[in-house]
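In case you want the letters, here they are:
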Amino acid sequence: MISDDTLREGMQAPGIAFTVNEKIKLATMISDAGIKKALVSYPSAHESEKYVTQEIVKRGIFKDVYGLGRTLKSDIDEIYSTGANISLHLPFIIKDINTILENIRYASRLCRKLEVALVDIDQYTINDLIKISRLIHDSGADIIQIPDTKGITEPNKYGTIIKRIKNEVKTSLEIHCHNDYGYSIVNAIEGLKNGADYVDASVFGLGERNGITDIAVISNYLNNLGKTSINMEKLKTAYNFMHDLITEKAGQQFFYHNIPVFGKNINYNTAGTHASYGNIFTGTDYSVNVYTGKAMIRNILAINNLNLSDENLNLLIKKIKDLSSDTGMMLSAEEIIKLAGDLN
């Protein structure tokens, strides 16, 4: 019922990055607590993401391991090569639904478990969400994820959305609730009450901007209902380890910056896919690690009156990702400008 997203969504928390070894340690601790399903990586982002996924699969750390990617054949092939199950997200603006559905069918034919996420659900009517969910289900998805991507969906409305889709599409549903305004726990509970089969969560609720559902809170809630049997003491071990990582990488002030509504993390983008849609994600600050993309780095360079050729931009992005993966740290704008200067 609980799907851990610490290793992937947690990498999108402002100021946070993980090494391969840190990811494997976290995965082991979370699994030891009784979590059996996890989304662990974004394999097309960097070779370290592919490698850590292969290791987690090979070591059998979780029963169900997923890698995330876009609805592109190249991303699907990258995930498949790791041995993981396939998790895909739709683009934030759908321009060619037929190609998207064909690629979902392609992923389905690879005979792995397949989940597909809609994104930014508040841009759609409930009827549109039902229609798109039905198309995804009919194209072979085993699980459909309904994320409150910007954390702005009012809880009663979110519960109604889940109930309507569950009743009309007859599919397994996963919920993914962001916490920009403090709704993540109540939205997760509303989603579960209205028929969701899985809930995404992470240690400390880490994730893009102010994060997602906290795994300790939702585990305790479901344990009390007798629906899960998560070992809270073992889960606390993961929290202690993560606390030390956060303090090392982002400082104690991270916990203040990460509070809903007032925390400055609400203005940050980490995922390259988010930075590419500035009309949707309006934050103007960036946290740069292996999940960065061309749009984000171009913006940082432009702010500093720098411009690189496409070839040098690709070289810069590789240097950034390699360095972040090796050190387990995000890169500051100053570090990026210095690396860019070395290429000029």
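All figures in this text were calculated on a predicted structure; none of them were measured in a lab.

Conventions adopted
Residues numbered from 1 in each chain as written. Predicted model: local features only at pLDDT ≥ 70, side-chain atom pairs only at ≥ 80, totals over all residues. Heavy atoms only, no water. Buried < 20%, exposed > 50% of the residue type's maximum accessible area, 1.4 Å probe, protein only. Helix = DSSP H or I, 4+ residues; strand = E, 2+ residues; numbered from the N terminus. Arc of directions from axis to C-beta. Contact = heavy atoms within 4.5 Å. Polar contact = N/O pair within 3.5 Å; in protein donor to acceptor, adjacent residues only side chain to side chain. Pairing = 2+ DSSP bridges. Right-handed = clockwise from strand over helix to strand, strands pointing away. Axes fitted to C-alpha atoms, helices over the stretch in contact; angles between N-to-C directions. Parallel < 35°, antiparallel > 145°, perpendicular 65-115°, else oblique. Core = buried A, V, L, I, M, F, W, Y, C linked by side-chain atoms within 4.5 Å. Phe/Tyr/Trp six-rings, centres within 6.5 Å; stacked < 30°, edge-to-face > 60°.

Asker: Sorry if this is basic, but what is going on with helix α14 (residues 333–343) here?
Answerer: For the α-helix, the turn length of 3.6 residues means that residues three or four positions removed from each other point alike. Taken as a whole, α14 has its buried residues at I336, L339, A340 and L343. Summarising the axial view, the buried residues of α14 lie within an arc of 100 degrees, below the 170-degree limit, and thus occupy one face. When the buried face of α14 is taken as reference, the exposed residues oriented beyond 90 degrees from it are E334, K338 and D342. Residues of α14 that are buried in the fold lie against α12 (294–303) and α13 (310–327).

Asker: I'm lost on unusual backbone geometry in this one. Help?
Answerer: Glycine aside, a negative phi is what most residues show, and trans is what most peptide bonds show. Phi at F204 is positive, roughly 60 degrees, even though this residue is not glycine. One can find F204 in the loop between β8 (198–201) and α8 (215–224). Not every positive phi belongs to a glycine, and R209 is a case in point at roughly 60 degrees. A residue is classified by how much of its surface remains accessible, and R209, at 5% relative accessible area, is buried.

Asker: Got a minute to help me understand the environment of N289 in this structure?
Answerer: With respect to the helices and strands, N289 occurs in the loop between β10 (285–286) and α12. By relative accessible area, which is 0% here, N289 ends up buried. Dropping the residues within four chain positions of it, N289 is found in contact with M11, I16, A17, T270, I320, K321 and S324. Side-chain polar atoms of N289 contact the backbone oxygen of I16, separated by 2.9 Å.

Asker: Even after reading the chapter, I still don't get the pairing of β8, so can you show me in this structure?
Answerer: Two faces make up the sheet, and in a regular strand the side chains alternate between them. Direction of pairing for strand β1 (residues 2–4) relative to β8: parallel, over a ladder of 3 bridges. Across the sheet, residue I2 finds its bridge partner in β8, namely V199. Inspection of the sheet shows strand β7 (residues 172–177) paired to β8 by 2 bridges, in the parallel sense. Following the sheet pairing, I175 is matched in β8 by V199. Between β7 and its parallel partner β8, the chain crosses via helix α7 (residues 184–193), and the hand of that crossover is right-handed.

Asker: In this structure, what is going on with the packing of α8 against helix α9 (residues 232–250)? I would like to understand it.
Answerer: Contact geometry of α8 with α9 gives a least axis separation of 11 Å together with a crossing angle of 175 degrees. Relative to α9, the element α8 lies roughly antiparallel. Residues I215, A216, S219, N220 and N223 of α8 touch α9, and the partners they reach there are M232, L235 and Y239.

Asker: Got a minute to help me understand the nonpolar core in this structure?
Answerer: Across soluble globular proteins, you tend to see nonpolar side chains buried next to one another. Ranked by size, the top nonpolar core spans 82 residues in total, and within it I56, F62, I136, I146, I175 and I218 carry the most contacts. The biggest single contributor to this core is α9, with 7 residues. Not counting the four nearest positions on each side in its chain, I218 is found in contact with I2, I185, A188, I189, L192, V199, A201 and T213. The next biggest cluster of nonpolar side chains, apart from the first, holds 16 residues, and it includes I297, L301, I336 and L339.

Asker: Mind showing me how you'd approach the packing of aromatic side chains here?
Answerer: Aromatic ring pairs: the centre-centre distance and the angle between the two ring planes describe each pair. One pass over the structure, following the stated rule, counts 4 aromatic pairs. With 4.8 Å between their ring centres and 55 degrees between their planes, F204 and Y239 make a pair best called tilted. Remark: Y239 occurs in helix α9 and F204 occurs in the loop between β8 and α8; sequence separation between them is 35 residues. Plain terms: the ring middles of F254 and F255 are 5.8 Å apart, the flat faces sit at 90 degrees to each other, and that makes the pair edge-to-face. F254 gets classed as buried once you look at its relative accessible area, which sits at 3%. In this structure F255 comes out as partly exposed when scored by relative accessible area, which is 27%. An aromatic cluster is built from F204, Y239, F254 and F255, whose rings are joined through pairwise contacts.

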